[in-house]
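# Understanding the architecture of this molecule
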Amino acid sequence: MNQKLIESLSPHERKIIPYLGEENINEICKKSNLDKISVTRALEYLQTKKIVELEVQTKKIVEIGVNGALYKKKGLPERRLLHLLHDKRIIPLAEAQKESGLSNDEFKASIGALKKKALIELNNQKIVLNANQEEITKKTLEETFIESLPVEYDSLSPEQAFALKSLQSRKDIVQINEEKTTNIKITKLGKELIKSGVKTQNLIEQVTSDMLKKESLWKGKKFRRYDVTSPVPSISGGKRHFVNQAIDYGRRIWTDMGFQEMTGDMLQSSFWVFDALFTAQDHPVRELQDTFYIDKKLELPDKKLVQTVKKTHESGIGGSKGWRYVWDEEDAKKTVLRTHTTCLSAKTLYALSKLPIDQRRGKFFALGKNFRNETVDWSHGFEFYQTEGIVIDENANFQHLLGYLKQFYTKMGFDKIRFVPAYFPYTEPSVEIHVYHPEKKVWLELGGAGIFRPEITIPLLGKQIPVLAWGQGFDRIIMDFYQIKDLREVYKNDITQLRKMKFWTKQ
Amino acid sequence: MANIKINKKLFEKEIGKLDEKMKNKIAMFGTALENFDNEEIELEIFPDRPDMLSYQGFKRAFLAFLGKKTGLKKYKINKPAKDYKVIIDSSVKNIRPHTACAIIKGLKLDNYKIKELIEIQEKLHITIGRKRKKLAIGIYPLEKIKLPITYKALEPDKIKFIPLEMGREMSGLQILQRHPTGKDYAHLLAGKSKFPIFIDANQNILSMPPIINSQLTGKITKETKDVFVECSGFDLEILKKCLNIVITSFAEMGGNIYQMELKTNKKELTPDLTPEKTKISLDNTNKLLGLKLNEKQLKKLIEKMGHEYKKGFVESPAWRTDILHEVDLIEDVAIAYGYENFIPEIPEISTIGKEDKKETIKRKIAEILTGVKMLEISNYHLTNKKDQFTKMGIPEKKEKDFIEIEESKTEYNIMRKDLTSYLLKIVSENADSEYPQSIFEIGKIFNTNNKIIENENLAGATIPGNFTELKQILEYLSRMINVEIELKEAEEIPPHYIDGRCAEIILDEKVIGHIGEIHPKILRNWKIKMPVALFEIELEKIFEKLE
């Protein structure tokens, strides 16, 4: 045991061990030839190794000040004034100051001090000595005190305390300093260690490349043991933004389930964002106060599709009644910042319509940023992440939709979910996915799903083929994992925070 | 989304005890229980079911769903008495062309019921009324009115009456300018040369829709027994449906419905509660839902949703606004069947998952850069002119090719043109974070020259940074993705770089970006107190190379 301990001693520690019995640190410094910082640090390490116990004491010491030192040599101002008076007995104030050679402050302080001791009186702008020889020559308490400095504050006699108080009111005569002294107590272990003799063994410190060139430099030698538990400064590494880590996770869930990614522009025509999805042109979501519009118009897709969408809105398609209003092509050309990724699904369906009917099938997903005209607070923002998937399959039905949802949400880590009726403009039937919150003991709304309406699939796919669709906001998933309470933190790039952020470890 | 509040005692008396089973039933009916206490129950009603925006309407539908009163609910409609007429003048044609009207008699009103009447009206205004833009509803005490009523449009200064909550007579224009409700809805009549009014046979104005009723002839009190109800707006179909929602709720409260004769060129009687027919096929239903129902089961389920099933088609109540297509009925079947009773099932359709190629490349680039200890950041796509131009040393006047957003609610009102300005913004905001800092971003930028251009870019910066160090990183990246780039002294340098310390990044003889040290004057604009080296490149060319 002791051997291990000895091997763990650093060169500095080893150097000071023989002098631990010295009176104070300064002595150890002298003897060991180390500076005070090195000695103090080495002592602290020795303490953690239980070789010494350090006891730090703070003492208040009364020391002589700058002016005090001067007066100690030349005498206090009042002494000098008293000398003058001793010769003349009565003297006018102005003359006294001039002859004594005292400054204004010193002179005033002297008059005050002598008056207080009743050694003088002031009479008609003159100073009159009022003391006998003995009283004059006797040293004052202050003078005695100054001569006795430095003294420990806690051991002052009543007279000294009185003198200190009177001198403290005068500039820089005395000062009180704190002095820390470290008492070193050698433990039983320490004593044993010293007894056994910490010889200047040849322990290897750093392994150097030079040393490795010659076997004799290390063979048979011991390496100084490190304290492997002592703390080291922390570092940080390069890292992907936590939101992008979460998105990669989402992407993997979809691809695991056999879905193919859809990507596309953020700036889209209203046609793809709204009209192709059977959102009437007077629907509130299309208003400026909810959606970001750009003052530019985009081109519409081919005429046939535009005409079918127009008809669908105006008088319906495939047995639908439609919305019964006059559909305006110009409104459909308006550029918007996409409000959902469903515009990408719409474009995918349309691309499939170019294929033969039996090939119009597949599974697709999108995961990306969407926008809404919104102010920013803890739960709102104008940019947000969403993910969604679609399954185009002639034989797909509502039970399949629920099957996919169950698989998807189980993969996302939600075990207890339920499906309840809901309303979404693009789907019929529609479902809301609720997840059970075990702590709050309530069902929380998580995502939406449904089967695309024929008013969407007939114009886009060219046939009423069932399209299962579901989606949900992604920000909340990110916030839940990282336990972020304020949405703004998701979009803030605080480098200190990013460096501390944990990796996305959800499987 | 609209919510309704229901007195809990009334609910438990007329529907049933609010226990866990009932709560589940409410959820499975698609009317989420938002809140409840000992006094009140608050339910969320989806926008496709305005007919449930009152307790009466909800109760009617929910009792059917619970199997207590299934099938199509019938109401007695009385023929109009002699003067039950509304003359629609041609002057409203280009202003607010349509109205649908009715009379309800024998209401026994108390304060609670009056509150209910007003709430139905307000909820419908907000939802299908699109904040009164599409339609507005008026309810008037019949005893104060002399029939017949005329619906016409007049010049604003010729309209004079005492509006609700005002002690004095005002003109049409004054109401829009000074009355609190008038001010709120003034935009709905703005620019019209005439305003619509309902006026009785004594020439007393009843109201100026869609703004406000008269204090004298348009205020319901506890003494009111009979009321005149009108819906005015632009789409007669919707107006009739809305009227049906209102008057059947009143009938549920004990009123008797009387028709009125609408006189235009032709005569028409409203309200009309003739059910609407929609075809439904058992096959289509089973195919879409994945069930094996027989016709009897289908009939039972359909009737639980308040419809009537006849062979091959469904008769739906005249107050339902959401039945556009067979699929809307099939959803009702699914709700009646119970979402909890479906068996989730995964079909065997084999597909191969695939992430977008660009996304793969972006991820690889990010991996390479994090390998040289860079930290990825992720910013908004929206920015403002100050950050995009002023602080980057470009006078706003000189910049034309940016995309502006209309009426943004925040200071972020243009699309970002580059990632550089955002990187500098982040450096500027992170003066307190430990140095050295090394950051990058991959993301979309937006430009325009008549057409909208949306591209993926990559930018990186080191702080404190110098050219050599960053060039090492850029070249490492280029080697790792095996895309050869070349640096050339830039002839025309972007204003944020130091002249002589900026290079063009060239791929296949095309400039795809710049690298250099940021000029102190720009650092000063951003209040950055450390040297910054930065590069930004377009990724589209690199995608092409790698795909």
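Keep in mind it's a predicted model, so treat the numbers as computed, not measured.

### Some thoughts on the overall build of chain B
A count of helices and strands for chain B gives 16 helices and 29 strands. Against the 2.2 N^0.38 benchmark of 24 Å for 547 residues, chain B shows a C-alpha radius of gyration of 34 Å, more extended than a compact globule. For chain B, the spread of C-alpha atoms along the principal axes amounts to about 95 × 65 × 50 Å. Taken across its 547 residues, chain B has 43% of its residues classed as buried. Taking the contacts inside chain B whose residues are at least 6 apart along the sequence as the reference set, 70% of them involve residues at least 24 apart.

### Examining the overall build of chain A
Regarding its fold elements, chain A presents 22 helices and 18 strands. Computed over the C-alpha atoms, the radius of gyration of chain A is 45 Å, more than 25% above the 23 Å expected from 2.2 N^0.38 for a compact globule of 507 residues. In terms of principal-axis extent, the alpha carbons of chain A reach across some 130 × 85 × 45 Å. Taken across its 507 residues, chain A has 37% of its residues classed as buried. The contacts of chain A with a sequence gap of at least 6 include a subset with a gap of at least 24, amounting to 66%.

### Regarding the packing of helix α8 (residues 282-289) of chain B against helix α10 (residues 326-337) of chain B
Packed helices, taken two at a time, are described by their axes: the angle between them and the distance between them. All names here are of chain B. Where α8 contacts α10, the two axes come as close as 10 Å, and the packing angle between them is 65°. Like other packed secondary-structure pairs, α8 and α10 cross with a definite hand, here right-handed. Taking contact as the criterion, the partners of Asn-284, Thr-285, Leu-288 and Leu-289 in α8 are, on α10, Glu-326, Val-327, Ile-330, Val-333 and Ala-334. Residues that form the contact of α8 with α10 fall into these classes: six nonpolar, two polar and one charged.

### With respect to the domain arrangement of chain B
Examined at the domain level, chain B breaks down into domain 1 (2-65), domain 2 (77-270), domain 3 (276-339) and domain 4 (357-546). Domain 2 of chain B and domain 4 of chain B are separated by 61 Å when their C-alpha centres are compared.

### A word on the sheet that holds strand β20 (residues 313-316) of chain B
Strand pairing in a sheet relies on backbone hydrogen bonds, with the paired strands running either antiparallel or parallel. Residues and elements named next belong to chain B. Taken in spatial order, the three strands make up an open sheet running β18-β20-β19, and their pairing is antiparallel. Taken across any chain shown, the strands that pair with only one partner, and hence form the sheet edges, are β18 (276-279) and β19 (308-310). Neighbour-to-neighbour, the strand axes of the sheet open up by a mean angle of 30°, direction not taken into account. In terms of strand pairing, β19 meets β20 through three bridges, oriented antiparallel. Considered in β20, the bridge of Tyr-309 is made with Val-314. Along the sheet, helix α9 (residues 295-304) makes contact with β19 and β20, crossing β19 at roughly 150°.

### Some details on the packing of helix α3 (residues 25-32) of chain A against helix α4 (residues 36-48) of chain A
Residues and elements named next belong to chain A. Where α3 meets α4, the axes come as close as 9 Å, and the angle between the chain directions of the two elements is 110°. Classified by the angle their axes make, α3 and α4 are roughly perpendicular. Across the interface between the two elements, Ile-25, Ile-28, Cys-29 and Ser-32 of α3 pack against Lys-36, Val-39 and Thr-40 of α4. The class makeup of the residues in the contact of α3 with α4 is four nonpolar, two polar and one charged.

### Overview of the environment of Thr278(B)
Residue and element names in this part refer to chain B. Checked against the element boundaries, Thr-278 lands in strand β18. C-beta crowding within 10 Å serves as the criterion here: with 18 such atoms nearby, Thr-278 is assigned to the partly exposed category. Considered as a pair, Thr-278 and Ser-316 are 38 residues apart in the sequence and their alpha carbons are 7.7 Å apart. With residues up to four places along the chain from it excluded, the contact list for Thr-278 reads Phe-313, Val-314, Ser-316, Ile-323, Glu-326 and Leu-329.

### Some thoughts on the interface of chain B and chain A
With 74 residues of chain B at the contact, the number on the chain A side is 76 residues. Of all the secondary-structure elements, those providing two or more residues to the side of chain B that touches chain A are α2 (20-28), α8, α10, α11 (357-371), β21 (375-376), β24 (437-449) and β25 (451-463) of chain B. The residue makeup of the side of chain B that touches chain A, split by class, is 34 nonpolar, 15 polar and 25 charged.

### Concerning unusual backbone geometry
Here Pro209(B) and Pro210(B) are connected by a cis peptide whose omega angle stands at 0°. Of note in this structure, Gln483(A) is not a glycine but carries a positive phi near 55°. Residue placement: Gln483(A) occurs in the loop between α21 (475-482) and α22 (495-500). Although it is not a glycine, Arg130(B) adopts a positive phi angle of roughly 50°.

### Thoughts on the sheet that holds strand β16 (residues 427-437) of chain A
All names here are of chain A. With mixed pairing, seven strands are arranged side by side in an open sheet as β9-β13-β14-β18-β17-β16-β15. Edge positions in the open sheet fall to β9 (260-261) and β15 (417-421), since each of these has one partner strand only. Summarising the sheet, strand β17 (residues 442-452) and strand β18 (residues 467-473) pair through four bridges and their orientation is antiparallel. Following the sheet pairing, Ile-451 is matched in β18 by Leu-468. Those strands touched by helix α14 (residues 242-256) are β9, β13 (362-371) and β14 (383-392), and its axis lies near 160° from that of β13.

### A short note on the nonpolar core
Grouped together as the largest cluster of nonpolar side chains are 224 residues, with contacts concentrated most on Leu405(A), Val467(A), Ala102(B), Val229(B), Cys242(B), Val333(B) and Leu423(B). The element that contributes the greatest number of residues to this core is helix α7 (residues 236-252) of chain B, accounting for nine residues. Within the second largest apolar cluster, 14 residues are counted, among which are Leu85(A), Ile91(A), Ile120(A) and Leu129(A).

### Describing helix α16 (residues 303-315) of chain A
All names here are of chain A. Across its 13 residues, α16 extends 18 Å between first and last C-alpha, which sits within 8% of the 18 Å expected from 1.5 Å per residue. Within α16, the full set of buried residues consists of Val-309, Thr-312 and His-313. Down the axis, α16 shows its buried residues gathered within 95° of arc, on one side only. Among the exposed residues of α16, those oriented more than 90 degrees off its buried face are Lys-303, Lys-304 and Gln-307. Contacts made by the buried residues of α16 are with α20 (454-461). In the stretch just after α16, Gly-316 is the one whose phi turns positive, near 90°.

### Some words on the environment of Gly393(B)
Residues and elements named next belong to chain B. Among the secondary structure elements, Gly-393 is positioned in the loop between α12 (385-388) and β23 (414-415). Residue Gly-393 is classed as partly exposed on the basis of its C-beta count, with 14 C-beta atoms lying within 10 Å. Taking the C-alpha atoms as reference points, Gly-393 and Leu-243, separated by 150 residues in sequence, lie 62 Å from one another.

Definitions and limits used
Residues numbered from 1 in each chain as written. Chains lettered and ligands numbered in written order. Predicted model: local features only at pLDDT ≥ 70, side-chain atom pairs only at ≥ 80, totals over all residues. Helix = DSSP H or I, 4+ residues; strand = E, 2+ residues; numbered from the N terminus. Rg over C-alpha atoms; globule rule 2.2 N^0.38 Å. Buried ≥ 20, exposed ≤ 12 C-beta atoms within 10 Å, placed from the backbone. Contact = placed C-beta atoms within 7 Å. Axes fitted to C-alpha atoms, helices over the stretch in contact; angles between N-to-C directions. Left-handed = near helix turned anticlockwise from the far one by under 90°. Nonpolar A, V, L, I, M, F, W, Y, C, P; charged D, E, K, R; others polar. Domains from an automatic or database assignment. Pairing = 2+ DSSP bridges. Parallel < 35°, antiparallel > 145°, perpendicular 65-115°, else oblique. Core = buried A, V, L, I, M, F, W, Y, C linked by C-beta atoms within 7 Å. Expected span 1.5 Å × (residues − 1). Arc of directions from axis to C-beta.

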